[in-house]
Amino acid sequence: EIGWNFLTYVKTGTNSATGNFMDFVNDCISRGYAQSSWYVHDFEAGFEIMSGGEGLTANSFSFSVSTGGTTTPAPTNPPTITNPPAITNPPSSGDNSLVVRARGTNGDEQIRLKVDNNTIATFNLNTSYGNYTASTNSGGNLSVEFFNDGSGKDVQVDYIQINGSTRQAEDQSSNTAVWQNSSCGGSYSEWMHCNGEISFGDISGGTTTPAPTSPPVITNPPVVTNPPAVTNPPVVTNPPAVTNPPGSGETCSGGISKSIPFTQDGAGNYCFEIASINYINSWNMTKLTVNGVDFTNKWASNLPAKINGLYYIVYDGNVGWCHFEAK
């Protein structure tokens, strides 16, 4: 689940208004309600009616965007080529050969390969797995950083190879980018949902496994059945397999067939049928169920068993800013 800060500035005694939106943003930042690294989602115009409301009309609404100000500017070199993957910073040369196998869920995610917090190479990801190579003479802690998180953007790191030896992402104890226990940061996962990094240990040591000869493409991330013990484990160390969670097995009538990636916004009541889903997310919903299991306003990848080969999504929202997405 995701919590939101809701701030309101009320203007009275006038039928029109113009102004600089950055004045409000900077005021929010100065009060500690927002951060300068955040992004604006959208601009909307209308009424939030406290009482009455007869005769209210929005005749016109417009805004323009210009660079400058005190907030963090947009990246000067956004990725433009998604296939083949472009290397923003060319890999450095050296005796240590490095391979990162990773993919994005959106197709414009970016990651950095770092040694002791120094960038060795920067890569733009595709939605399918790719092997991204670099080399270095540097020694120290090796990490992969996800740094351009946004709506619908997630990264899945399969493994890193160091001179032919493989270190699986799900075997690493430090992952500041995974969403666990309703916040960013955790361990033993190949997923990166937030800006952050997975630490793979020192280049000359760490947890390694033999390189797979033909690693499978994973559409649904595997459940870690027996991860190493953690003092305060973010996940159950040995969860029982659930083929039909309690309450599952329910369908809905009049289903609309959809395929991922799929997004639905706004008020309404719908039934969607989707054959394959990696994960779902929703907010501001009245109700959101998958095969009868409640996932209202939650991010989730561990979904109930399919019914007749399908996921039945019941979407129930009563406000214009309801949102659901399946990837």
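Residues numbered from 1 in each chain as written. Predicted model: local features only at pLDDT ≥ 70, side-chain atom pairs only at ≥ 80, totals over all residues. Heavy atoms only, no water.

**Section: the overall build of the protein**
Here comes step 1: Looking only at helices and strands, the protein features one helix and 20 strands.
Here comes step 2: For the protein, buried positions account for 36% of its 327 residues.
Here comes step 3: Of the contacts made within the protein by residues no fewer than 6 positions apart, 65% connect residues no fewer than 24 positions apart.
Here comes step 4: By element, 49% of the accessible surface of the protein is carried by carbon and sulfur atoms, the whole surface being about 18900 Å². (Helix = DSSP H or I, 4+ residues; strand = E, 2+ residues; numbered from the N terminus. Buried < 20%, exposed > 50% of the residue type's maximum accessible area, 1.4 Å probe, protein only. Contact = heavy atoms within 4.5 Å. Areas by Shrake-Rupley, 256 points an atom, 1.4 Å probe, with all protein chains shown as cover.)

**Things to note about the sheet that holds strand E16 (residues 280-283)**
Here comes step 1: Strand order in the open sheet formed by three strands is E14-E20-E16, with antiparallel pairing between adjacent strands. Single-partner strands in this sheet number two, and they are strand E14 (262-265) and E16. Averaged over all pairs of adjacent strands, the angle between their axes in this sheet comes to 5°, without regard to strand direction.
Here comes step 2: For E16 and strand E20 (residues 323-326), the ladder comprises four bridges, and the chain directions are antiparallel. In the sheet register, Trp283 faces E20, and the bridge partner there is His323. (Pairing = 2+ DSSP bridges. Axes fitted to C-alpha atoms, helices over the stretch in contact; angles between N-to-C directions.)

**Overview of the pattern of salt bridges**
Close approach of charged atoms lets side chains of opposite charge pair.
Here comes step 1: Applying the stated criterion to the full structure yields six salt bridges.
Here comes step 2: A salt bridge links Arg31 to Asp27, with the nearest nitrogen and oxygen atoms 2.8 Å apart.
Here comes step 3: Residue classification places Arg31 among the exposed positions, given a relative accessible area of 54%.
Here comes step 4: Two residues, Lys114 and Glu197, come together in a salt bridge whose shortest N-O distance is 3.6 Å. Of this pair, Lys114 sits in strand E3 (residues 110-115) while Glu197 sits in strand E12 (residues 196-202), and the two are 83 residues apart along the sequence.
Here comes step 5: Classification of Lys114 as buried rests on a relative accessible area of 6%.
Here comes step 6: On the basis of relative accessible area, Glu197 is assigned to the partly exposed category, the value being 22%.
Here comes step 7: One network of salt bridges, in which partners are shared, links Arg112, Lys114, Glu145 and Glu197. (Salt bridge = Lys/Arg side-chain N within 4 Å of Asp/Glu carboxyl O.)

**Details of unusual backbone geometry**
Here comes step 1: In this chain, Ile260 is followed by Pro261 through a cis amide linkage whose omega measures -5°.
Here comes step 2: Along the chain, the position of Pro261 falls in the loop between strand E13 (256-258) and E14.
Here comes step 3: Even without glycine at this site, Asn163 takes up a positive phi of about 50°.
Here comes step 4: Along the chain, Asn163 turns up in the loop between strand E7 (155-162) and strand E8 (165-168).
Here comes step 5: Exposure remark for Asn163: the relative accessible area of 44% places this residue in the partly exposed category.
Here comes step 6: Although it is not a glycine, Tyr188 sits at a positive phi angle of roughly 50°.

**Here's the deal with the sheet that holds strand E17 (residues 287-290)**
Here comes step 1: Pairing within the open sheet is mixed, and its five strands lie in the order E13-E15-E19-E17-E18. Lying at the two open borders of the sheet, with one neighbouring strand each, are E13 and strand E18 (293-294).
Here comes step 2: For E17 and strand E19 (residues 311-317), the ladder comprises four bridges, and the chain directions are antiparallel. Counterpart to Thr289 in the pairing with E19 is Val314.

**A closer look at the packing of aromatic side chains**
Here comes step 1: Tallied over the entire structure, the rule returns eight aromatic pairs.
Here comes step 2: Residues Tyr270 and Tyr315 carry aromatic rings whose centres are separated by 5.6 Å and whose planes lie at 55° to one another, so their mutual orientation is tilted. With Tyr270 in strand E15 (residues 268-274) and Tyr315 in strand E19, the pair connects residues that are 45 residues apart, well separated along the chain.
Here comes step 3: For Tyr315, a relative accessible area of 0% puts it in the buried group.
Here comes step 4: Pairwise contacts between aromatic rings join Phe262, Tyr270, Phe272, Tyr315 and Phe324 into one cluster.
Here comes step 5: The ring of Tyr129 carries the charged tip of Arg103 above its face, separated from the ring centre by 5.9 Å.
Here comes step 6: Above the ring of Phe147, the side-chain terminus of Arg112 is found at 3.7 Å from the ring centroid. (Phe/Tyr/Trp six-rings, centres within 6.5 Å; stacked < 30°, edge-to-face > 60°. Lys NZ or Arg CZ within 6 Å of the ring centre and 35° of its normal.)

**Description of the pairing of strand E6 (residues 141-146)**
Here comes step 1: Burial of E6 is extensive: five of the six residues sit out of reach of the surface.
Here comes step 2: Here five bridges tie E3 to E6, and the two strands are oriented antiparallel to one another. By the bridge assignment for E6, Val115 is matched with Leu142.
Here comes step 3: Relative to E12, E6 is paired through five bridges, and the arrangement is antiparallel. Opposite Glu145, over in E12, you have Glu197 as the bridge partner.

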